[in-house]
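This is what each chain is made of:
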Amino acid sequence: MSKKAVFSGIQPTGNIHLGNYLGAIRNWVNMQDLYENIFCVVNSHAITIRQNPAELREKTLDLACMLVACGISPEKSSLFIQSEVDFHPALAWILDCNIFMGDMSRMTQFKDKSQKNPKNINVGLFNYPALMAADILLYQVDFVPVGEDQKQHIELTRDVAMRFNRDFGECFKVPEPLILESGARIMGLDDPNSKMSKSATGKNHAIFLLDSPDIIASKIKKATTDSNSEIVFDKSRAGLYNLLSIYEILSKKDRGSIEAEFNGKGYGVFKNALSEVVIESLKPIRESYLRLKSNEDYIRKILNEGLESVKPKAEATYNRAKELIGLV
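Each value, and the rule that gives it
Residues numbered from 1 in each chain as written. Predicted model: local features only at pLDDT ≥ 70, side-chain atom pairs only at ≥ 80, totals over all residues. Heavy atoms only, no water. Core = buried A, V, L, I, M, F, W, Y, C linked by side-chain atoms within 4.5 Å. Buried < 20%, exposed > 50% of the residue type's maximum accessible area, 1.4 Å probe, protein only. Helix = DSSP H or I, 4+ residues; strand = E, 2+ residues; numbered from the N terminus. Contact = heavy atoms within 4.5 Å. Expected span 1.5 Å × (residues − 1). Axes fitted to C-alpha atoms, helices over the stretch in contact; angles between N-to-C directions. Parallel < 35°, antiparallel > 145°, perpendicular 65-115°, else oblique. Nonpolar A, V, L, I, M, F, W, Y, C, P; charged D, E, K, R; others polar. Left-handed = near helix turned anticlockwise from the far one by under 90°. Polar contact = N/O pair within 3.5 Å; in protein donor to acceptor, adjacent residues only side chain to side chain. Phe/Tyr/Trp six-rings, centres within 6.5 Å; stacked < 30°, edge-to-face > 60°. pLDDT = per-residue confidence, 0-100. Pairing = 2+ DSSP bridges. Right-handed = clockwise from strand over helix to strand, strands pointing away.

By size, the foremost hydrophobic cluster in this structure holds 62 residues, and its most contacted members are Ile25, Leu67, Leu79, Phe270, Leu274, Val278 and Leu282. Among the elements that make up this core, the one with the highest residue count is helix α12 (residues 267-293) (11 residues). What Leu274 contacts, discounting residues up to four positions off in sequence, is Ile220, Leu243, Ile246 and Tyr247. Within the second largest apolar cluster, 41 residues are counted, among which are Ala130, Ala133, Ile154 and Ala321.

Listed below in structure tokens is the structure:
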């Protein structure tokens, strides 16, 4: 029996942090044996916000390098760069013409990004969900791994796929969201009520995968908690709950044993233990990244092989959509 296919994309903006790793990339790595995996560096999405061209090119390769360092294997997965497949924007235009303004205007990320970049509210920022839908639908995948907060994009993708199939004929497989439960929403260390973000400016907001051990320890030491010193899993204590969730995932211990481990001990002991497990967990990633970074030819080879493996399917899907809609 052939494996089900999954598609995941990540933008080459900012630096990859612990939330990206625990919420998405780590799950992608762990699922590689279960699915046919298509992983994409979605650099075209990045230009909805003004980018320095040289930096964008460098960050695109850096992200590919980081994904391999985290465990994305060219033997098990196809990894490629979005802008090297022109069928993505081509299909996005066809989908744009089949998505209603009302559907697009309800997308919460447009509202969020507009508030953060009020001087650059461009058309691409508004209709980038059509490009997201094209990313997914081109490859006829079964699942899209997403966090709970990204379900809206998958619903739009499903809606436009079903509408197109109904109106013009069978073309797209309608994908299902693959909701990632554990670690799907890691919060900021300085503000446990907001999701850890690459764009946040707080010095102690996020732990980045390339942070040194000293920086990691310093950020965890300064992480927001509360005046109650009891170390227990309690969602009403957002700061502690976030830190305990990180410890739970990386230590692979159950909640009962974690609470017993820190029973009667204060934040100092717990934060030291958390620092140790984070540092040890990220150490092999950091070391692997530094090795790969010095071998750009190897990364480009992986990307070229990934591109060659996915491009025929993208071309076939686009040509089918183009034919059905009446384009010559």
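Continuing now.
Moving on to helix α13 (residues 296-325). Look at α13: 41 Å from first C-alpha to last across 30 residues, which is about the 44 Å you get at 1.5 Å a residue. Looking at α13, one finds that the buried residues are Ile299, Ile302, Leu303, Gly306, Leu307, Val310, Ala314, Thr317, Tyr318 and Ala321. Looking one or two residues beyond α13, the residue adopting positive phi is Gly326, at roughly 95 degrees.

The backbone of Gln140 shows a phi angle near 50 degrees, a positive value even though the residue is not glycine. You can see Gln140 is positioned in the loop between α7 (123-137) and β4 (143-146). Residue classification places Gln140 among the buried positions, given a relative accessible area of 19%. In this model, Lys252 sits at a positive phi of 65 degrees, which is unusual for a non-glycine residue. With relative accessibility at 71%, the residue Lys252 sits in the exposed group.

Counting through the fold element by element, Gln150 comes out in the loop between β4 and α8 (151-168). C-alpha of Gln150 to C-alpha of Thr48: the two residues are 102 residues apart in sequence and 18 Å apart in space.

Relative to each other, α7 and α8 sit at 70 degrees, their axes nearing to 9 Å. Here α7 is positioned roughly perpendicular relative to α8, judged by the angle of their axes. Together, Tyr128, Pro129, Met132, Ala133, Ile136 and Leu137 of α7 and His153, Ile154, Leu156, Thr157, Val160 and Ala161 of α8 make up the contact between the two elements. Counted by class, the contact of α7 with α8 contains 10 nonpolar, two polar and no charged residues.

To continue, consider the packing of helix α4 (residues 87-96) against α13. As a packed pair, α4 and α13 sit with axes 10 Å apart at the nearest point and diverge in direction by 25 degrees. Regarding the angle of α4 to α13, the classification is roughly parallel. Considering only the axes of α4 and α13, their crossing is left-handed. In this structure, α4 contributes Phe87, Ala90, Leu91 and Ile94 to the contact, and α13 contributes Lys311, Ala314, Glu315, Tyr318, Ala321, Lys322 and Ile325. In terms of residue class, the contact of α4 with α13 is built from eight nonpolar, no polar and three charged.

Quick look at the side chain of Asp103 now. Inspection of the secondary structure assignment puts Asp103 in helix α5 (residues 101-105). Side-chain polar atoms of Asp103 contact the side chain of Arg106, separated by 2.6 Å. Leave out the neighbours within four places in its chain, and Asp103 touches Leu156 and Arg163.

Taken as a whole and judged by the stated rule, the model has 11 aromatic pairs. With 5.7 Å between their ring centres and 35 degrees between their planes, Phe87 and Tyr318 make a pair best called tilted. In this pair, Phe87 sits in helix α4 while Tyr318 sits in helix α13, placing the two residues 231 residues apart along the sequence. A single burial state applies to Phe87 and to Tyr318, both of which are buried. A ring pair is formed by Phe262 and Phe270, whose centres lie 5.1 Å apart and whose planes are at 80 degrees; its orientation type is edge-to-face. Each member of the pair, Phe262 together with Phe270, is buried. An aromatic cluster is present here, built from Phe7, Phe80 and Tyr139 joined pairwise through their rings.

With that settled, consider the confidence of the model for the chain. Low-confidence regions, as indicated by low pLDDT, have predicted coordinates that should not be scrutinised in detail. When pLDDT is averaged along the chain, the result is 92, and 97% of the positions lie at 70 or above. Mean pLDDT across the secondary structure elements of the chain bottoms out at helix α6 (residues 108-116), with 71, and peaks at strand β3 (residues 77-81), with 98.

Where burial is concerned, most of strand β2 (residues 36-41) is hidden: five out of the six residues are buried. By the bridge criterion, six bridges tie strand β1 (residues 5-10) to β2 in an arrangement that is parallel. Among the inter-strand pairings, Ser8 is bridged to a residue of β2, identified as Phe39. Following the backbone out of β1, through helix α1 (residues 18-30) and into the adjacent parallel β2, one traces a crossover that is right-handed. Relative to β3, β2 is paired through five bridges, and the arrangement is parallel. Its bridge partner being in β3, Cys40 is matched across the sheet by Phe80.

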